[in-house]
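What follows is each chain in one-letter form.
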Amino acid sequence: MKNKTFTFKTSPGNKNGLQEIKLEGDLGIRNAVDLKSMLDTVKISGDNIIINLREVEKIDVTTIQNLVLFRNIQETNKRTTTVSAVDLDKETGKLLINSGFGKFFKLS
């Protein structure tokens, strides 16, 4: 079965030190390895990072774990990191909360 696609876009840190990483499309299990690789190699140029999940169509627990790991690594390096899941569907929001991952994501 062919993987559905996802996109990974990043903007350089702006004058306020904010860098945005925008994820779109299918972040299901079939794309988890590719996403992890991209997160591991992204050039970080800001002190504040926001990961925007607004256009994500599908997300998997492996992806959630990778995002939490990335966030924790950046926080260890003194970078404020927000994973914005505000526009994900309500069921995914409930899943994040019920699984204990909700505290790592901005849900509202």
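Residues numbered from 1 in each chain as written. Predicted model: local features only at pLDDT ≥ 70, side-chain atom pairs only at ≥ 80, totals over all residues. Heavy atoms only, no water.

A closer look at the overall build of the protein
Phase 1: In terms of regular secondary structure, the protein is built from 3 helices and 5 strands.
Phase 2: Along the protein, helices (α) and strands (β) appear in the sequence β-β-α-β-α-β-α-β when read from the amino end.
Phase 3: On C-alpha atoms alone, the protein measures out to a radius of gyration of 13 Å, which is about the 13 Å that the 2.2 N^0.38 rule sets for 108 residues.
Phase 4: For the protein, the C-alpha atoms occupy an extent of roughly 40 × 30 × 20 Å along the three principal directions.
Phase 5: Of the contacts formed within the protein by residues at least 6 apart in sequence, a portion of 67% connects residues at least 24 apart.
Phase 6: When the accessible surface of the protein is split by element, carbon and sulfur atoms take 50% of a total near 6,700 Å².
Phase 7: Counting 17 positive and 13 negative side-chain charges, the protein places the centres of these two groups 3 Å from one another. (Helix = DSSP H or I, 4+ residues; strand = E, 2+ residues; numbered from the N terminus. Rg over C-alpha atoms; globule rule 2.2 N^0.38 Å. Contact = heavy atoms within 4.5 Å. Areas by Shrake-Rupley, 256 points an atom, 1.4 Å probe, with all protein chains shown as cover. Lys, Arg positive; Asp, Glu negative; His and termini not counted. Charge placed at Lys NZ, Arg CZ, Asp CG, Glu CD.)

A short note on the sheet that holds strand β4 (residues 80-84)
Phase 1: Across the sheet, 5 strands lie side by side as β1-β2-β3-β4-β5; this open sheet has mixed pairing. Of all strands in the sheet, those bounded by a partner on one side alone are β1 (6-10) and β5 (105-106).
Phase 2: Running at roughly 10° to β1, helix α1 (residues 32-41) makes contact with β1 and β2 (18-27) of the sheet. (Pairing = 2+ DSSP bridges. Axes fitted to C-alpha atoms, helices over the stretch in contact; angles between N-to-C directions.)

Some details on the nonpolar core
Phase 1: In terms of nonpolar packing, the biggest core is built from 25 residues, with Ile21, Leu23, Ile51, Leu53, Leu67 and Phe105 touching the most fellow members.
Phase 2: Listing elements by their share of this core, those giving two or more residues are β1, β2, α1, β3 (48-59) and α2 (61-76).
Phase 3: When residues in this core are grouped by element, the largest group, 5 residues, is from β3.
Phase 4: Those residues in contact with Leu53 that sit more than four places away from it in its chain are Leu23, Leu27, Ile59, Leu67, Val83, Ser84, Ala85, Leu88 and Phe105. (Core = buried A, V, L, I, M, F, W, Y, C linked by side-chain atoms within 4.5 Å. Buried < 20%, exposed > 50% of the residue type's maximum accessible area, 1.4 Å probe, protein only.)

Concerning the packing of α1 against α2
Relative orientation and spacing of two packed helices are given, respectively, by the angle between their axes and the distance between those axes.
Phase 1: Look at α1 against α2: their axes get within 10 Å of each other, and the N-to-C directions meet at 10°. The angle between α1 and α2 places the two elements in the roughly parallel class. Contact residues: Ala32, Leu35, Lys36 and Leu39 in α1; Thr62, Thr63, Asn66, Leu67, Leu69 and Phe70 in α2.
Phase 2: Looking at the contact of α1 with α2 residue by residue, the classes come out as 6 nonpolar, 3 polar and 1 charged. (Parallel < 35°, antiparallel > 145°, perpendicular 65-115°, else oblique. Nonpolar A, V, L, I, M, F, W, Y, C, P; charged D, E, K, R; others polar.)

Here's the deal with the side chain of Asn52
Phase 1: Mapped onto the secondary structure, Asn52 falls in strand β3.
Phase 2: A polar contact of 2.7 Å, which involves the side chain of Asn52, links it to the backbone nitrogen of Arg54.
Phase 3: Residue contacts for Asn52: discarding those within four places in its chain leaves Glu20, Ile21, Lys22, Leu23 and Ser84. (Polar contact = N/O pair within 3.5 Å; in protein donor to acceptor, adjacent residues only side chain to side chain.)

Description of the pairing of β4
Phase 1: Here 5 bridges tie β3 to β4, and the two strands are oriented parallel to one another. For Asn52, the partnering residue across the bridge sits in β4 and is Ser84.
Phase 2: Read from β3 through α2 to β4, the crossover connection turns out right-handed.
Phase 3: Inspection of the sheet shows β4 paired to β5 by 2 bridges, in the parallel sense. Paired with Ser84 across the bridge in β5 is Lys106. (Right-handed = clockwise from strand over helix to strand, strands pointing away.)

Everything listed is a geometric property; what it means functionally is a separate question.
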